[in-house]
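Analysis of the macromolecular model
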Amino acid sequence: MRRAMEEAERAALAGDVPVGAVVLAPDGTEIAAGHNEREATGDPTAHAEVLALRRAAERLGAWRLSGCTLVVTLEPCVMCAGALVQSRVERLVFGALDEKAGAVGSLWDLVRDRRLNHRPEVVHGVLAEECSALLTRFFRER
């Protein structure tokens, strides 16, 4: 999570919402990372999770990220939750809850919907206060 928080700080420095994500291989080594780049790119899909998943798939040469873990500082939105289900990520680890747009328990629980053919393990609340503080500080300064 600390590595994802470093990515979140990079987003904040670039003027974007401080969310960072890291994809880990089954052995725990980092495959890819990303942070929000919507402001920098003008791309509404440039969320930290989507960018990290794209980079991981490119590095592995496959869209299936079986056995991988996605670590992200903020609970994924619907788009990002859908992307991690589609990429077959085995485990999602996230920090802060997103009560306004969260799709992993706050508003929706997309990743654990029994109608889907893939449901990753979910671990939440990891360094939640620190992850939340990054967001609070960013929006307070704005």
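Residues numbered from 1 in each chain as written. Predicted model: local features only at pLDDT ≥ 70, side-chain atom pairs only at ≥ 80, totals over all residues. Heavy atoms only, no water.

Let's talk about the overall build of the chain
Helix and strand counts for the chain come out as 5 helices and 5 strands. Each helix (α) and strand (β) of the chain, taken in turn from the N terminus, gives the series α-β-β-α-α-β-α-β-β-α. Relative to the globule expectation of 14 Å for 142 residues, the C-alpha radius of gyration of the chain, 14 Å, shows essentially globular dimensions. Across its three principal directions, the C-alpha atoms of the chain cover 40 × 30 × 25 Å. Expressed as a percentage of the 142 residues in the chain, the buried residues total 49%. (Helix = DSSP H or I, 4+ residues; strand = E, 2+ residues; numbered from the N terminus. Rg over C-alpha atoms; globule rule 2.2 N^0.38 Å. Buried < 20%, exposed > 50% of the residue type's maximum accessible area, 1.4 Å probe, protein only.)

Overview of the pairing of strand S1 (residues 20–24)
Strand residues, when the strand is regular, have side chains that alternate between the two faces of the sheet. Most of S1 is tucked away, with 4 of its 5 residues classed as buried. When S1 meets strand S2 (residues 30–35), the two strands line up antiparallel, connected through 5 bridges. The residue of S2 that forms the bridge with Gly20 is His35. Count of turn residues in the S1/S2 antiparallel hairpin: 5 residues, of which Gly28 carries a positive phi of about 90°. Where S1 and strand S3 (residues 69–74) come together, 4 bridges link them in antiparallel fashion. Across the sheet, Val22 pairs through a bridge with Val71, a residue of S3. (Pairing = 2+ DSSP bridges.)

A few points about the packing of helix H3 (residues 48–60) against helix H4 (residues 78–86)
What describes two packed helices is the angle between their axes and the distance between those same axes. Where H3 meets H4, the axes come as close as 9 Å, and the angle between the chain directions of the two elements is 20°. Of the possible angle classes, the one that applies to H3 and H4 is roughly parallel. Every pair of crossing elements has a handedness; the one defined by H3 and H4 is left-handed. For the pair formed by H3 and H4, the contact residues are Glu49, Val50 and Leu53 on the first element and Met79, Cys80, Ala83 and Leu84 on the second. Of the residues belonging to the contact of H3 with H4, the class tally is 6 nonpolar, no polar and 1 charged. (Axes fitted to C-alpha atoms, helices over the stretch in contact; angles between N-to-C directions. Parallel < 35°, antiparallel > 145°, perpendicular 65-115°, else oblique. Left-handed = near helix turned anticlockwise from the far one by under 90°. Contact = heavy atoms within 4.5 Å. Nonpolar A, V, L, I, M, F, W, Y, C, P; charged D, E, K, R; others polar.)

Some words on the nonpolar core
Core analysis: the largest hydrophobic core is formed by 40 residues, its most contacted members being Val23 and Leu70. In this view, Val23 contacts Thr29, Glu30, Ile31, Ala32, Ala52, Leu53, Ala56, Cys68, Thr69 and Leu70; residues no more than four positions away in its chain are not counted. (Core = buried A, V, L, I, M, F, W, Y, C linked by side-chain atoms within 4.5 Å.)

Digging into H3
Helix length check: H3 (13 residues) gives 18 Å between terminal C-alpha atoms against 18 Å at 1.5 Å per residue, within 8%. Burial in H3 covers these residues: Ala48, Glu49, Val50, Leu51, Ala52, Leu53, Ala56 and Ala57. Against the buried residues of H3 lie S1, S2, S3 and H4. Note on H3: the residue one or two positions beyond its end, Gly61, has a positive phi of about 75°. (Expected span 1.5 Å × (residues − 1).)

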